[in-house]
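# Structure at a glance
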Amino acid sequence: MTLALLTLLFAAEMHTPNVLLIVTDDQRYDLIGALGHATVQTPHLDRLVKRGFVFRNAYCLGSHMPAVCLPSRNMLLSGRTYFRWKGNHAPAEPSLPVALQAAGYQSYHHGKKGNVAVEIEKRFDSVNYLADDKERRSGQPGKTVVDGAIRFLDKRDPKKPFFAYLAFEAPHDPRVAAEEYLKLYERDKIPLPPNYLPQHPFDNGELKIRDEKLAAWPRTKDEIRKHLHEYYAVMTGLDHHLGRLFAELDRRKLTDNTLIVFTSDNGLAVGSHGLMGKQNVYDAGLKVPMIFAGPGIPKGESAALVYLHDLMPTIMARVGTKAVPNLDGRDLSPILAGKADKVRDSLFLAYRDVQRAVRDDRWKLIRYPKIGRTQLFDLKADPHETKDIHRDHPAEVKRLEALLRTWQKDLGDTAPLSPPAAPSSSSAGMP
């Protein structure tokens, strides 16, 4: 074989990157050291951040059920919001594994078994599930998935690019970490979240759900530090095993031709706003980390408003596959290429029929339809959503109410925004 032909084959191989999609379970948007967290130790993810591109305002749109991870993962892999489905699961097509298989990819899935995109995951060439609770109590979060991924790298067809979807079980509770990770933190010195409260100031419609029962009311500072200690230790353990995987990619000389996308299915309050779970539309509940690294990805970050379901069209565009029509997700490539600052002007967030929210570059409006309550936050001045100022800014409330209804109409969300007896907001502003 001539040198020229070898060069052409190498160029063709490099033109079709592998795809490694890593999704954690219940990881807050800020739970990576390099993203500004002062306490958690994540050296391997820190290196990924420093060589990649970070979306600082990435969100799960929300959920129609308490298990937020189920619609989240379905939206992520289908590019469509849960309002488009019949039932609890997105259909197998269109979906990311089907699209990449059609483009010649060998696909591999390994991850948690509960509350996942089962119809879509059936379409992977190799499907592997965890015993979730056993894994979470093993003390070595992420080890089984990483071990499986390394075995896949050993056995994969080297003539095909691969798409590996690793859907980790951590740092979801029960959060059990080996002593080697726990001892890295001094529990009594762990700072509380800046928006810590002993309990939520009112009934948000979902205070009796499983996640909220993980800590008694009121949530004491010691109790929250205990949960944070375990949360951080599990995250450090997961980071350790991700480091093993990244090292394998380096050893096999695959790193330069592998698009790595790291994110999570939703956030977690763990003391923020007096809450413990993700059954809320605060940033603590629905905002997630999102990192791109690999061929053609510049170092940098963006404050653009993006969704998890933007990942499907973006990954497809990055690897050069044919676009799928009628997706709710949008291709983020123009932002990655420095050709655009944003792909949308606002975001819509929802949790069951008890919470709705909309945000733009500055403001966030939250509506609690069952109790007729509204919150407004100035995210520029108050990024942790601690001061409700809706009574001070009636014009912004009215504007954002209209935007909220526009989003509902566009997505097919028919949930009311006020209690049945409340006056129509067309003639009077929401309380």
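For clarity, every value in this text was computed on a predicted model and none was experimentally measured. (Residues numbered from 1 in each chain as written. Predicted model: local features only at pLDDT ≥ 70, side-chain atom pairs only at ≥ 80, totals over all residues. Heavy atoms only, no water.)

Secondary structure assignment for the protein chain yields 13 helices and 14 strands. Computed over the C-alpha atoms, the radius of gyration of the protein chain is 22 Å, within 12% of the 22 Å expected from 2.2 N^0.38 for a compact globule of 431 residues. Each of the three principal axes of the protein chain carries a C-alpha extent, and together these read 80 × 50 × 35 Å. Here the protein chain, with 431 residues, has 60% of them falling under the buried criterion. Considering only contacts in the protein chain between residues 6 or more positions apart, those separated by 24 or more positions represent 70%. When the accessible area of the protein chain is evaluated, it comes to approximately 17800 Å², of which 53% is carbon and sulfur surface. The positive charge centre, built from 61 side chains, and the negative charge centre, built from 52, are 2 Å apart in the protein chain. (Helix = DSSP H or I, 4+ residues; strand = E, 2+ residues; numbered from the N terminus. Rg over C-alpha atoms; globule rule 2.2 N^0.38 Å. Buried < 20%, exposed > 50% of the residue type's maximum accessible area, 1.4 Å probe, protein only. Contact = heavy atoms within 4.5 Å. Areas by Shrake-Rupley, 256 points an atom, 1.4 Å probe, with all protein chains shown as cover. Lys, Arg positive; Asp, Glu negative; His and termini not counted. Charge placed at Lys NZ, Arg CZ, Asp CG, Glu CD.)

Turning our attention to the confidence of the model for the protein chain. Taken as a whole, the protein chain shows an average pLDDT of 94; of its residues, 94% reach a score of 70 or greater. Here residues 1-14 is a poorly scored stretch, pLDDT under 50, and it has 5 contacts once near neighbours within four places are set aside; other chains count. Of the regions scoring below 50 in pLDDT, residues 422-431 engages in 14 contacts with residues more than four places distant in sequence or in other chains. (pLDDT = per-residue confidence, 0-100.)

Here we come to the pattern of salt bridges. Across all of its chains, the model carries 33 salt bridges by this definition. The shortest N-O distance in the salt bridge between Lys 122 and Glu 119 comes to 3.2 Å. The residue Lys 189 makes a salt bridge to Glu 186 at a minimum N-O spacing of 3.5 Å. An identical accessibility class is assigned to Lys 189 and Glu 186; each is exposed. Overlapping salt bridges bring together Asp 25, Arg 73, Lys 112, Arg 136 and Asp 265 as one network. (Salt bridge = Lys/Arg side-chain N within 4 Å of Asp/Glu carboxyl O.)

What follows covers the packing of helix α2 (residues 43-51) against helix α9 (residues 221-251). Packing of α2 against α9 brings their axes to within 7 Å, and their N-to-C directions diverge by 60°. Classified by the angle their axes make, α2 and α9 are oblique. Counted together, Pro 43, His 44, Leu 45 and Leu 48 of α2 and Met 235, Asp 239, His 240, Leu 242, Gly 243 and Phe 246 of α9 form the full contact between these two elements. Taken together, the residues that form the contact of α2 with α9 break down as 6 nonpolar, 3 polar and 1 charged. (Axes fitted to C-alpha atoms, helices over the stretch in contact; angles between N-to-C directions. Parallel < 35°, antiparallel > 145°, perpendicular 65-115°, else oblique. Nonpolar A, V, L, I, M, F, W, Y, C, P; charged D, E, K, R; others polar.)

Let us now look at the packing of aromatic side chains. Under the criterion given, the structure shown has 14 aromatic pairs. Their ring planes at 55° and their centres at 6.2 Å tell us that Phe 83 and Phe 348 sit as a pair that is tilted. Note that Phe 83 is positioned in the loop between α3 (69-78) and α4 (96-102) and Phe 348 in strand β11 (residues 347-351), a separation of 265 residues in sequence. Judged by its relative accessible area of 0%, Phe 348 is buried. An aromatic cluster of three or more residues is present, and its members are Tyr 82, Phe 83, Tyr 307, Phe 348 and Trp 407. Positioned above the aromatic ring of Tyr 29, the side-chain terminus of Lys 287 is 4.6 Å from the ring centre. (Phe/Tyr/Trp six-rings, centres within 6.5 Å; stacked < 30°, edge-to-face > 60°. Lys NZ or Arg CZ within 6 Å of the ring centre and 35° of its normal.)

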